[in-house]
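Observations on chain architecture
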Amino acid sequence: MIKYLLGNIDNPNAAEIEEYEKAGGYRALTKALSMEPEDVIGEVRKSGLRGRGGAGFPTGMKWMFAANDPKFPKYVICNADEGEPGTFKDRHILEKNPHVLIEGMAIAVHALKAERGYIYLRGEYPEAEKSLQKAINDAYRKGYLGFPLHIHRGAGAYICGEETALIESLEGKRGQPRLKPPFPVNAGFFGGPTVINNVETLANLPFIMASGADSYLKIGSPECPGNKLFPVSGHVERPGVFELPMGTTLREIIYEHAGGIKNGRALKAVIPGGISAPVLPPDKIDCPMDFVSVQKYGSMLGSGAVMVFAEGTCLVKVAWRALKFFEHESCGKCTPCREGTGWLRSILERIENGQGREGDIELMEDVAGNIAGNTFCPLGDGAASVALNFIRHFRSEFEDHIGTDCRKMAVL
Amino acid sequence: MSPAPSAEKPLAGLEEIKKNYPASSAALMPALYEARRQFGWLSPEALSAVADALNLPKAAVRSTASFYGMFNQGKTGRHLVRICTNVACMVLGAGSVLEKLEARYGLTPGGTSRDGRFSLAVTECIGACDKGPAMLVDDDMHTDLTGERITEVLERYE
Ligand SMILES: Cc1cc2nc3c(=O)[nH]c(=O)nc-3n(C[C@H](O)[C@H](O)[C@H](O)COP(=O)(O)O)c2cc1C
Ligand code: FES
């Protein structure tokens, strides 16, 4: 199986430009630069690459929208805000294989005739900043970068991962989302056509350009080609990041690659795409992990972050902590999200503390139902569906927990 | 540490940063990082210096700074300990690590130890979920924490 994202990371010097070059690095860029920008976009469209930032939007189409906009200057922004709890895949690229991202950005900048590029890096990744800055300097030194490429450090706000909030933040403002449309491809950074792509999305480009769309299409599943990084955490024997073809089943990821459930315990629940993705019960783990299939199974691929919970885990507590996260990270702009996430958190908190009341589950369903579909950006929707799906799949645990605390239920 | 810039001495080093953006207003976040480094924390004086250096209204600077967790920390001890309590770290025992910090250093989230050595903040996921519980001490990541390991690690910070 071919690994082009993190294939080299057992080599301790993989982040060095010389090592990257030795493995064929920057040849894809040389090839792309010899092509017309339109043809690069054509190749990316043909490859079927879909954005790895969570929504799975076709990258070639996004690029075409921006390229077709007559306005200049245009910008390419790499979304390296990786804040989705459970997710640590982009960090591995940034720290261990930064040149694959830089090469991808250079290809994007050429294809879009962009003036410059930014990497919006989350503030909690100081190590990644060092390796990335060194890699950028080395790429300049070797003459690979013919445009300004800057790192912009975030400062601890999850919502800045949302692309329009990210642009606000990059402009020096509070990170609150903008109304769409207009979309960033038409009116983004300081109004210029702006392409925003996730780290992993951009890191797919060198392989696509070097090997061609046809080879790329042979990897993964037909509707979602290519490899995907799956960061696995929680109660597994071998947590870590696994680079596997799109469409690998959740079962294979958990039991083969991550070594199965810790200490031979049984699986109780799994979150397949970072904390914003609805939880799944164990009978759903034959789900192929790609954007289309996970949706059919009632969740979403999101960031691909697999969080595993063994028998004995208190899911009320997990749900409470998830909602605490959404409450904390709500930007405060719209009422259903700002108020609703706090309300859900407080109901879960009293249930967790053994002070739940009769009717609390229905109350949560009501509150979540009033958040869903009524928020300015997807953060609130995510929070509502997280709460609703914990209740949907584990209702009896929530019922049993009302009026009693965890210790009596033999969960932790 | 170099002496904190005084009100008369403007924030140094912003000219280079401004060049990275089409408008100097966009240099606000890096300027806040720079001010935090030069002043030690984002004091009212530091925020004013940023406003002057970028030619922005003070209210705009405060508005942005107050939005971001990392610009909103107030004055901290010599080392800022940020412990992740999000789900992956929680199910791997972040709670018992926090208990240990309270027992050993009298540290509770939002607080500073009496000797001014550590301030503690709980944080959302810091991208080390495979090796949780995880924390950042200043800019250093530490993982696989237990009640024992955390004191061992923290004792390395003076
Ligand atoms: C609340 C929220 C948080 C997000 N966080 C991230 C993030 O941390 N990283 C990321 O790449 N995309 C994130 N996204 C998705 C971005 O808005 C955007 O769709 C993505 O960066 C586009 O890149 P792609 O097309 O390569 O997937 C987030 C979206 C929402 C609604
Ligand atoms: S949940 Fe703690 S580092 Fe991700």
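Residues numbered from 1 in each chain as written. Chains lettered and ligands numbered in written order. Predicted model: local features only at pLDDT ≥ 70, side-chain atom pairs only at ≥ 80, totals over all residues. Heavy atoms only, no water.

1. Thoughts on the sheet that holds strand E9 (residues 267-271) of chain A
The strands that make up a sheet pair up through hydrogen bonds in the backbone, lying either parallel or antiparallel. Residues and elements named next belong to chain A. What counts is decided by this rule: For two strands to pair, DSSP has to find at least two bridges joining them. In this text, helices come from DSSP runs of H or I with a minimum length of four residues, and strands from runs of E with a minimum of two, each type numbered from the N-terminal end. Every angle, taken between N-to-C directions, lies between 0 and 180 degrees, and every axis is a line fitted to C-alpha atoms, over only the stretch in contact when it is a helix.
With respect to topology, four strands assemble into an open sheet ordered E8-E7-E10-E9, the strand pairing being mixed. With partners counted over all chains shown, the strands left at the sheet margins are strand E8 (240-245) and E9, one partner each. Sheet twist, expressed as the mean angle between neighbouring strand axes with direction ignored, is 30°. With six bridges joining them, strand E7 (residues 227-234) and E8 adopt antiparallel strand pairing.

2. Considering the pairing of strand E1 (residues 79-84) of chain B
All names here are of chain B. To keep it simple, the criterion reads: Burial here depends on accessible area, computed with a 1.4 Å probe over protein chains only, as a share of the maximum for the residue type. Under 20% is buried, over 50% is exposed, and the range in between is partly exposed.
The buried fraction of E1 amounts to six of the six residues, a majority that puts the element mostly inside the structure. Of the two faces of E1, both are covered, the one formed by His79, Val81 and Ile83 as well as the one formed by Leu80, Arg82 and Cys84. Of the strand pairs in this sheet, E1 and strand E2 (residues 118-123) are connected by six bridges, and their pairing is parallel. In the strand pairing of E2, histidine 79 is matched with phenylalanine 118. The sheet contact formed by E1 and strand E3 (residues 135-137) spans three bridges and is antiparallel. Paired with isoleucine 83 across the strands is methionine 135, a residue of E3.

3. Describing the side chain of threonine 201 of chain A
All names here are of chain A. Spelled out, the test is: Contacts: residue pairs with any heavy atoms within 4.5 Å of one another.
Tracing the backbone through its elements, the reader meets threonine 201 in helix H9 (residues 199-203). Given the relative accessible area of 1%, threonine 201 is considered buried. Threonine 201 has contacts with Leu49, Gly51, Arg52, Gly53 and Thr59, leaving out every residue within four places of it along the chain.

4. Structural notes on unusual backbone geometry
Most peptide bonds are trans, and most residues other than glycine sit at a negative phi. For the peptide bond that leads from lysine 180 of chain A to proline 181 of chain A, omega is -10°, which places it in the cis range. In this fold, proline 181 of chain A is placed in the loop between helix H8 (163-170) and strand E4 (194-198). Residue proline 133 of chain B follows glycine 132 of chain B across a cis peptide bond; omega there is -5°. Mapped onto the secondary structure, proline 133 of chain B falls in the loop between E2 and E3.

5. A closer look at the packing of aromatic side chains
We apply this condition: Only Phe, Tyr and Trp rings take part, Trp by its six-membered ring, and two of them pair if their centres are within 6.5 Å. Stacked means planes under 30 degrees apart, edge-to-face means over 60, and tilted covers everything else. Distance and angle both matter: a charge sits over a ring if NZ of Lys or CZ of Arg is within 6 Å of the ring centre and within 35 degrees of the ring normal.
Applying the stated rule across the entire model yields 15 aromatic pairs over all chains. Judged by centre distance (6.4 Å) and plane angle (55°), the ring pair of tyrosine 4 of chain A and tyrosine 216 of chain A falls under tilted. Of the two residues, tyrosine 4 of chain A is situated in the segment before helix H1 (17-22) and tyrosine 216 of chain A in helix H11 (residues 213-217); the sequence distance between them amounts to 212 residues. In this structure tyrosine 4 of chain A comes out as buried when scored by relative accessible area, which is 11%. Judged by its relative accessible area of 0%, tyrosine 216 of chain A falls in the buried class. Look at phenylalanine 325 of chain A and phenylalanine 326 of chain A: their rings are 5.3 Å apart centre to centre, the planes differ by 65°, and that puts the pair in the edge-to-face class. Look at phenylalanine 326 of chain A and you get buried, because its relative accessible area is 1%. Each member of the aromatic cluster is reached from another via a ring pair, and the members are Tyr75, Tyr118, Phe189 and Phe190 of chain A together with Tyr21 of chain B. The ring of phenylalanine 72 of chain A carries the charged tip of lysine 74 of chain A above its face, separated from the ring centre by 4.3 Å. We note arginine 122 of chain A situated over the ring of tyrosine 125 of chain A; from NZ or CZ to the ring centre the distance is 5.2 Å.

6. Description of the domain arrangement of chain A
The accessible area lost on association of the parts is a frequent measure of interface size. Residues and elements named next belong to chain A. Where we set the bar: For each domain, the first and last residues come from an automatic or database assignment. Defined here as a combined quantity, buried area equals the accessible surface (1.4 Å probe) lost by two parts on assembly, summed across both. Throughout this description, the term salt bridge denotes a Lys or Arg side-chain nitrogen within 4 Å of a carboxyl oxygen of Asp or Glu. Definition of a polar contact: a pair of N or O atoms within 3.5 Å, with one able to donate and the other able to accept a hydrogen when the atoms are protein atoms, and with sequence-neighbouring residues admitted only if both atoms are side-chain atoms. Three categories are distinguished: nonpolar for Ala, Val, Leu, Ile, Met, Phe, Trp, Tyr, Cys and Pro, charged for Asp, Glu, Lys and Arg, and polar for the others, with Gly belonging to the last.
Looking at chain A, the domain boundaries give domain 1 (17-217), domain 2 (227-310) and domain 3 (315-401). Relative to domain 2, the C-alpha centre of domain 1 lies at a distance of 26 Å. Each partner contributes residues to the interface: domain 1 has 17 residues there, and domain 2 has 19 residues. A combined buried area of about 1,300 Å² lies between domain 1 and domain 2, and 63% of that area is made up of carbon and sulfur atoms. The interface formed by domain 1 and domain 2 holds one salt bridge in total. As a salt-bridge pair, lysine 228 and glutamate 200 come within 2.8 Å of each other at their nearest N and O atoms. Counting every contact that joins domain 1 to domain 2 gives eight residue pairs in polar contact (both at pLDDT 80 or more). Looking at the side of domain 1 that touches domain 2, the element that brings in the most residues is helix H5 (residues 89-96), giving three residues. When the residues that make up the side of domain 1 that touches domain 2 are grouped by side-chain class, the tally is five nonpolar, seven polar and five charged.

7. Examining the interface of chain B and chain A
Tallying the contact residues gives 38 residues for chain B and 55 residues for chain A. Together, the buried faces of chain B and chain A total about 3,500 Å²; carbon and sulfur atoms form 60% of this surface. If you sort the residues of chain B by the area they bury against chain A, Phe67, Glu124 and Asp130 of chain B come out on top, with a joint share of 18%. Scanning the region where chain B abuts chain A turns up one salt bridge. Linking chain B to chain A there are 19 residue pairs in polar contact (both at pLDDT 80 or more). Among the residues making up the side of chain B that touches chain A, the classes are represented as 23 nonpolar, ten polar and five charged.

8. Let's talk about the site of ligand 1
Residue and element names in this part refer to chain A. Applied cut-off: Near residues are defined by distance, with any heavy atom within 4 Å of the molecule or strand qualifying the residue.
The local shell around ligand 1 holds 18 residues, among which Gly53, Lys62, Asn197, Asn198 and Thr201 are the closest. Within the side chain of asparagine 79, one N or O atom sits 2.9 Å away from an oxygen atom of ligand 1. Between ligand 1 and the protein, one listed contact pairs an oxygen atom with a side-chain N or O atom of asparagine 197 at 2.9 Å. The leading source of residues in the shell around ligand 1 is E4, at three residues. Residue classes in the shell around ligand 1 are distributed as four nonpolar, eight polar and six charged.

9. Description of the sheet that holds E2 of chain B
Residue and element names in this part refer to chain B. In space, the four strands of this open sheet follow the order E2-E1-E3-E4, with mixed pairing throughout. Each having just a single partner strand, E2 and strand E4 (140-142) make up the two edges of the open sheet. In this sheet, neighbouring strand axes are inclined to one another by 20° on average, regardless of whether the strands run parallel or antiparallel.

10. Structural notes on helix H4 (residues 58-67) of chain B
Residue and element names in this part refer to chain B. As a reminder, the rule being used: Throughout, the arc means that of the directions going from the helix axis to the C-beta atoms.
For H4, every residue scored as buried is listed here: Val61, Thr64, Ala65 and Phe67. Down the axis, H4 shows its buried residues gathered within 160° of arc, on one side only. Looking at the buried positions of H4, the neighbouring elements they touch are helix H2 (28-39) and helix H3 (44-54).

11. Looking at the nonpolar core
Residues and elements named next belong to chain A. Stated precisely, the cut-off is as follows: To form a nonpolar core, buried Ala, Val, Leu, Ile, Met, Phe, Trp, Tyr and Cys residues must be joined to one another through side-chain atoms within 4.5 Å.
Grouped together as the largest cluster of nonpolar side chains are 146 residues, with contacts concentrated most on Trp63 and Leu101. Among the elements that line this core, the one with the most residues is helix H6 (residues 98-112), at ten residues. Residues contacting leucine 101, with those up to four places away along its chain left out, are Cys78, Ile93, Leu94, Ile119, Leu132, Val199 and Leu202. Residues Cys224, Ile253, Val270 and Val292 belong to the second largest nonpolar core, which totals 25 residues.

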